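Coordinate analysis (summary)
Residue strings, one per chain:
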Amino acid sequence: MSDRYLEFAHSSYGKTVASVLGLPTPPRLKRASEAWAEQPMDQRYVLVGGDSGSELAAPILGALSRMGAGLRIVPEHSGLGPIKAAASTLHLKLAGNPAPESGEPRSHALVFDASGLRSPEQMREVYDFFQPLVRGLPGNGRVLILSRAPGAADGVAAKTMSSALRGFIRSLAKEIGKNGSTANLLEVSTGGQEWLDAPMRFFLSEHSAYVTGQTLEVGQGPGKGEGVTVALPGSLNGKTALVTGAARGIGAAIAEVLAREGVQIVGMDHPSQEGALGETMARIGGVGLALDVTAADAAQRIAAEVGPRFGGLDVVVHNAGVTRDKMLRNMSPQFWDMVLNINLGAILRINEGLLTEGLNDGARIVCISSIGGIGGNAGQTNYASTKAGVIGYVDAMAPTLSDRGGAINAVAPGFIETQMTAAMPLAPREVGRRINSLSQGGMPQDIAEAVAFLASPAAGGVNGRTLRVCGQNWFGA
Ligand code: NAD
């Protein structure tokens, strides 16, 4: 479904009308058009800053140089000590920030290491870095702050300041969204510094165009020696993934993006959608499995399909979902049971079965939640229960998957342009699409890009988390 207002506001007539009437012009978001590049930041510059006690300068600079970024600093910034020391150890060149009139390209991203913040006074270093730079951020620019996760921060002061950064990033994301820029916070817990490459690539690249105002914790991933980096580009090549609800909408996009990254897709959908499923799978070289997720023997049938042909599953994406909205006072037990069974019960049953047979060691599971499960919504007591249940489920299952060298996470979409949202009445649809920092709905590809990131072994430090892909929707924020 296309966003007609966005197209109108970018036409020459629409620009005039929007400016005369004071209407917002939603920015055009730049999205990834191909698989993960080896060096997504090649020919691009990142301005790096940090607080004076920052502890992550070396892994941050290492990750940025591996993605090909040119490194710049603001020479007069007070927190440069740890950055200069790390650059010298890693033999990396730091350039100065060129004057706007120099004709040099602007910096695509501002990256700040706030891992050493210990007092409200020191928060001034964050202000001093961002305040003069933020207006120079180009359209579709990126802000990324790295901090100590509150759970891993030592003492009251460190925890307080880690939490303060959440407020900062959420507010800054609301300020810079007008030009399509995003701001996110990576919270590093114990061992997470070894696993920064993939999340930093994700947040700094066009693969995260609709993710803003979010916090993501990165910890120790499975079985890796110090200093060894698991590369994101190419990491999914040759893997096999099951995607449920793959016939159309978000599920079809997930299947397409995973196939783009070299994954063999087994796309599953309800038998009533067999035709559409076949068409989607034919487009991407996938295999269709017409099967109801609520079938009592679904896990066994999946294992029987993928075991002999593909040697088991490396990735499982639980995307199939339905809404049956009614105020609780009017909700039938049929609507209640159906939504609970498809959106939540089936995920638990299928995973339980696949953990016994069908799932390879190191497997990664991604479940699709919803911001409806975070904010709640009148008329969605059934749906929101299931989507909030998914968030608790991935948290609870994280140790089980980690014991097998894998991980389980959730993606919570906001308003996404699909048949599900096209069916909404006009007024709530238009409101739903605009009440976020990027003033537009997301595309199915946006969810798929986040799923592909979380499905990669390179995202091994992210486990039990829920990532919102919602343009910082005000709903439940
Ligand atoms: P959609 O209705 O377009 O697609 C859902 C797919 O799931 C369909 O192909 C459908 O046939 C399949 N499905 C439904 N019941 C099934 C069953 N019993 N067995 C097998 N397959 C079944 O929906 P969508 O918008 O693409 O949503 C995909 C997921 O994203 C859902 O879990 C939804 O709750 C979630 N989500 C969507 C949005 C949005 O804005 N579109 C927002 C938040 C969350």
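Below you will find a few notes about this structure.

The rules behind the values
- Residues numbered from 1 in each chain as written.
- Predicted model: local features only at pLDDT ≥ 70, side-chain atom pairs only at ≥ 80, totals over all residues.
- Heavy atoms only, no water.
- Helix = DSSP H or I, 4+ residues; strand = E, 2+ residues; numbered from the N terminus.
- Buried < 20%, exposed > 50% of the residue type's maximum accessible area, 1.4 Å probe, protein only.
- Polar contact = N/O pair within 3.5 Å; in protein donor to acceptor, adjacent residues only side chain to side chain.
- Contact = heavy atoms within 4.5 Å.
- Pairing = 2+ DSSP bridges.
- Axes fitted to C-alpha atoms, helices over the stretch in contact; angles between N-to-C directions.
- Parallel < 35°, antiparallel > 145°, perpendicular 65-115°, else oblique.
- Left-handed = near helix turned anticlockwise from the far one by under 90°.
- Nonpolar A, V, L, I, M, F, W, Y, C, P; charged D, E, K, R; others polar.
- Phe/Tyr/Trp six-rings, centres within 6.5 Å; stacked < 30°, edge-to-face > 60°.
- Lys NZ or Arg CZ within 6 Å of the ring centre and 35° of its normal.

Examining the side chain of N140
- By secondary structure assignment, the location of N140 is in the loop between helix 5 (124-133) and strand 5 (142-148).
- What makes N140 buried here is its relative accessible area of 9%.
- For N140, the side chain forms a polar contact with the main-chain oxygen of R28, separated by 3.1 Å.
- Excluding residues within four positions of it along the chain, N140 makes contact with R28, L29, K30, H108, N179, G180 and S181.

Some details on the sheet that holds strand 8 (residues 240-244)
- Spatial strand order, 10-9-8-11-12-13-14: 7 strands in an open sheet with parallel pairing. Each edge of the sheet is formed by a strand with only one pairing partner; in this case those strands are strand 10 (287-290) and strand 14 (466-469). In this sheet, neighbouring strand axes are inclined to one another by 20 degrees on average, regardless of whether the strands run parallel or antiparallel.
- By the bridge criterion, 5 bridges tie strand 11 (residues 313-318) to strand 12 (residues 359-368) in an arrangement that is parallel. Looking across to strand 12, one finds that V317 is bridged to V366.
- Relative to strand 13 (residues 407-413), helix 13 (residues 381-403) is tilted by about 160 degrees, and along the sheet it contacts strand 12, strand 13 and strand 14.

Quick look at the packing of helix 3 (residues 57-66) against helix 7 (residues 197-204)
- At a minimum axis distance of 10 Å, the contact between helix 3 and helix 7 shows a crossing angle of 60 degrees. Comparing the axis directions of helix 3 and helix 7 gives the class oblique. Regarding helix 3 and helix 7, the two cross each other, and that crossing is right-handed. For the pair formed by helix 3 and helix 7, the contact residues are I60, A63, L64 and R66 on the first element and D197, M200, R201 and L204 on the second.
- For the contact of helix 3 with helix 7, the per-class residue count stands at 5 nonpolar, no polar and 3 charged.

Side note on the packing of aromatic side chains
- For the coordinates displayed, the defined rule picks out 6 aromatic pairs.
- Ring geometry for F202 against F203: centres 5.4 Å apart, planes inclined by 65 degrees, an arrangement best described as edge-to-face.
- Judged by relative accessible area, which is 1%, F203 ranks as buried.
- The interplanar angle of 5 degrees and the centroid separation of 4.5 Å between the aromatic rings of F202 and F453 together place this pair among those described as stacked. Highlighted residues: F202 in helix 7 and F453 in helix 16 (residues 444-455), separated in sequence by 251 residues.
- When the ring centre of Y45 is taken as origin, the NZ or CZ atom of R72, which lies over that ring, is 3.8 Å away.

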